[in-house]
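# Descriptive structure summary
So you can see what is in the structure, the chains are spelled out below.
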Amino acid sequence: MIHIGQLKIPVEKVMAEASKQDLKKGIISAGETAVIKRYIEKKLKIKQSDIKEFTVLKKSVDARKKEQIFFIYQVDFFTDNEKRVLSRYKKNDVTIKSEKKENYTAKCEAAAEKDTSEKIVIAGFGPAGLFAAYELALSGYKPLVIERGLDVDSRKKSVEHFWKTGELDTESNVSFGEGGAGTFSDGKLNTMVKDKFGYNRRVLETFVKFGAPAEILYLQKPHIGTDKLADVVKHMRLEIERLGGEVRFGVRLDSLNIENTGNGDSKKLESINVTDRFLGKAEVIECDRLILAIGHSARDTFLSLNESGVMMQPKSFAIGVRVEHSQEMIGRNQYGELYKALPTADYKLTHQTKDGRGVYSFCMCPGGYVVNASSEKGMLAVNGMSDYLRDGINANSAIVVTVGVEDFDGTDALAGMRFQRKWEKKAFDAAGGKIPVQLFGDFKKNVVSKEFGNVRPQTKGETAFANVREILPGEVADSIEEGITAFEKKINGYSRDDTLLLGIESRTSSPVKIVRDDTMQSNIKGLYPCGEGAGYAGGITSAAMDGIKTAIKITGGK
């Protein structure tokens, strides 16, 4: 198989033959494929007819020079006399590689020979819990998943009701329920996690298998969109159930029952205490192993784990605001006049302040909405969300600053969680439970805004003018002001006075790390901390990968 690591093609060449609708979505159409093959033909001096089993591995946009924007492709294909083709080309951006494919059929057949009778419970059905359950079910196990929130269809109703009325269901919301917090997000799937075992690809292929758009397999910055991700998650759950797994919604993990092993201070998990919202009663569930995939907002569970002696540490995270700009402004800055033809433009920005703090964009949502993502009464947090088409009129992104133990009121495991709650309460009080919003010009003046400029908020959940500066620690607010001002050098118009700031963005990652060893167990044997809530992931893909790794530790697979 021949691998081309970088094939640069001017965007205009592709636009001349590609489907306009597909190009906007990032889908590689037949016309675009023809252009790519023509460039391969020219590059390697082979006939298009000799290019067999052609696959695009990666597609990205190089817009560093607006006067000439390129698509960059990585491609694989077979051809005759590959070594001769390579010897003739004599450059290192083209190589020969071997093909490796995982045989899931063989994997399932091998699982039939294992003892899969262990009682394995998974607490949480976000990406980590979802992929752990799927991996276990594929390997012949029959995991029981408990999820405090509701199934995705019922959950949508709970969330929509909250956004319309402000009446929060603390058990089924933007943070809790089938699919986890990622279900109400942009559905971003890119990750910076090193992946020598191919788990990233496995996650993407699994999503496609259950209905995600196929282009996530090759786009440099893949995303599904909240409208499509919900169905994908549901289809995965149905397959887990078909394979023998069980998923119980409305069941919250309350505490652990732990016993001494008789070997010094060693302890192991015996069973768990849960509450079933539908039955309205408590229940004890025996289990040999518990995969703890509770997500970054399960604060009551963090408290319970801490009381049970589960080893935990405080962890740094980032807080800040969501900023909204016109998506057209972002598009013109990134792609010039080609912005209408190319996929909706995003950005990534960083700045080091004069005081040494880092300010950066996080979870940028092109054509999206700022959403009220609260999960506790009397507190307020926001997040960003986009549909698959990313066709909203505004772009939004978190602009955040990292905080750590030096910013908290203590050094104990839950200090970061208390810090989050403190500022989320201020955010709630600032606008009476509505999303606080302020123009950047007024943020700099430290006064409440009175009217909008050219940018109007695109939100899920009501907004109200408030002094957003006062719902942030002073040093964080100062850093954000400096950062947004500095970003003007990279994106013209970024620091406009009518740029909108909405807050508070406080759930960028978990405030705790639940310590685990090389077997992925905590100091309580049989307890497997997993995913973003345990401090081992950040985002949908890395959490899903951690779910796979945890399941593999249990099954002994690969």
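Residues numbered from 1 in each chain as written. Predicted model: local features only at pLDDT ≥ 70, side-chain atom pairs only at ≥ 80, totals over all residues. Heavy atoms only, no water.

Right, let's talk about the packing of helix H10 (residues 299-307) against helix H12 (residues 415-430) for a bit. Taken N-terminus to C-terminus, the directions of H10 and H12 make an angle of 150 degrees; their axes are 11 Å apart at the nearest point. Taken together, H10 and H12 sit at an angle that is classed as roughly antiparallel. Two packed elements cross with a definite hand, and for H10 against H12 that hand is left-handed. Only Met417, Gln420, Arg421 and Glu424 of H12 make contact with H10, whose side of the interface consists of Arg299, Phe302 and Leu303. Tallied by class, the residues present in the contact of H10 with H12 amount to 3 nonpolar, 1 polar and 3 charged. (Axes fitted to C-alpha atoms, helices over the stretch in contact; angles between N-to-C directions. Helix = DSSP H or I, 4+ residues; strand = E, 2+ residues; numbered from the N terminus. Parallel < 35°, antiparallel > 145°, perpendicular 65-115°, else oblique. Left-handed = near helix turned anticlockwise from the far one by under 90°. Contact = heavy atoms within 4.5 Å. Nonpolar A, V, L, I, M, F, W, Y, C, P; charged D, E, K, R; others polar.)

Right, let's talk about helix H15 (residues 540-555) for a bit. Look at H15: 23 Å from first C-alpha to last across 16 residues, which is about the 22 Å you get at 1.5 Å a residue. Among the 16 residues that make up H15, 14 are buried, leaving the element largely enclosed by the rest of the structure. Downstream of H15 by one or two residues, glycine 556 has phi in the positive range, about 75 degrees. (Expected span 1.5 Å × (residues − 1). Buried < 20%, exposed > 50% of the residue type's maximum accessible area, 1.4 Å probe, protein only.)

Sheet analysis places strand S16 (residues 369-372) next to strand S17 (residues 382-385), joined by 4 bridges and oriented antiparallel. Note on S17: the bridge partner recorded for tyrosine 369 is methionine 385. Pairing analysis gives 2 bridges linking S16 to strand S20 (residues 459-460), with the strands arranged parallel. Note that in S20 the partner of valine 371 across the bridge is lysine 460. (Pairing = 2+ DSSP bridges.)

Another aspect to go through is the sheet that holds strand S6 (residues 144-147). If you walk across this open sheet you meet the 5 strands as S7-S6-S5-S11-S25, and the pairing is parallel. The open sheet has two edge strands with one neighbour each: strand S7 (246-249) and strand S25 (527-529). The average angle at which neighbouring strand axes cross in this sheet is 20 degrees, direction not considered. Relative to S7, S6 is paired through 4 bridges, and the arrangement is parallel. Directly across from glutamate 147, in S7, lies its bridge partner phenylalanine 249. Where H15 meets the sheet, it contacts strand S5 (120-123), strand S11 (289-292) and S25, and its direction lies at approximately 165 degrees from that of S11.

The next point concerns the packing of aromatic side chains. Per the counting criterion, the structure on display carries 14 aromatic pairs. Between the aromatic rings of phenylalanine 71 and tyrosine 73, the centroid separation amounts to 6.2 Å while the plane-to-plane angle is 55 degrees, which identifies the pairing as tilted. The pair formed by phenylalanine 71 and tyrosine 73 is uniform in burial state, with each residue classed as buried. Within the aromatic cluster, the residues linked to one another by ring pairs are Phe317, Phe408, Phe419 and Trp423. Positioned above the aromatic ring of phenylalanine 70 is the side chain of lysine 8, whose terminal nitrogen or guanidinium carbon lies 4.5 Å from the ring centre. The positively charged end of arginine 516 is found above the aromatic ring belonging to tyrosine 536, 3.7 Å away from the centroid. (Phe/Tyr/Trp six-rings, centres within 6.5 Å; stacked < 30°, edge-to-face > 60°. Lys NZ or Arg CZ within 6 Å of the ring centre and 35° of its normal.)

Before going further, it helps to spend a moment on the pattern of salt bridges. For the structure on display, the rule yields 43 salt bridges. Two residues, glutamate 171 and arginine 252, come together in a salt bridge whose shortest N-O distance is 3.2 Å. Of this pair, glutamate 171 sits in the loop between helix H7 (152-165) and helix H8 (199-209) while arginine 252 sits in strand S8 (residues 251-260), and the two are 81 residues apart along the sequence. The class of arginine 252 is partly exposed, set by a relative accessible area of 23%. Measuring nitrogen to oxygen at the nearest pair gives 2.9 Å for the salt bridge that ties arginine 469 to glutamate 481. Of the two residues, arginine 469 sits in the loop between strand S21 (463-465) and helix H14 (474-487) while glutamate 481 sits in helix H14, which places them 12 residues apart along the sequence. With a relative accessible area of 14%, arginine 469 lands in the buried category. (Salt bridge = Lys/Arg side-chain N within 4 Å of Asp/Glu carboxyl O.)

Each regular strand displays side chains that alternate between the two surfaces of the sheet. Side chains Ile120 and Ile122 project from S5 onto one buried face, and the interleaved Val121 and Ala123 project onto a second face that is buried too. As judged from the 4 bridges shared by S5 and S11, these two strands associate in the parallel manner. Within the sheet, the bridge partner assigned to alanine 123 lies in S11 and is leucine 292. As paired strands, S5 and S6 are joined by 3 bridges and run parallel to one another. Residue pairing in the sheet places isoleucine 122 in a bridge with valine 145 of S6.

Cis geometry marks the peptide bond from glycine 503 to isoleucine 504; its omega dihedral reads 10 degrees. Its location among the elements puts isoleucine 504 in strand S22 (residues 500-505). Phi at glutamate 53 is positive, roughly 50 degrees, even though this residue is not glycine. Relative to the elements of secondary structure, glutamate 53 occurs in strand S2 (residues 52-62).

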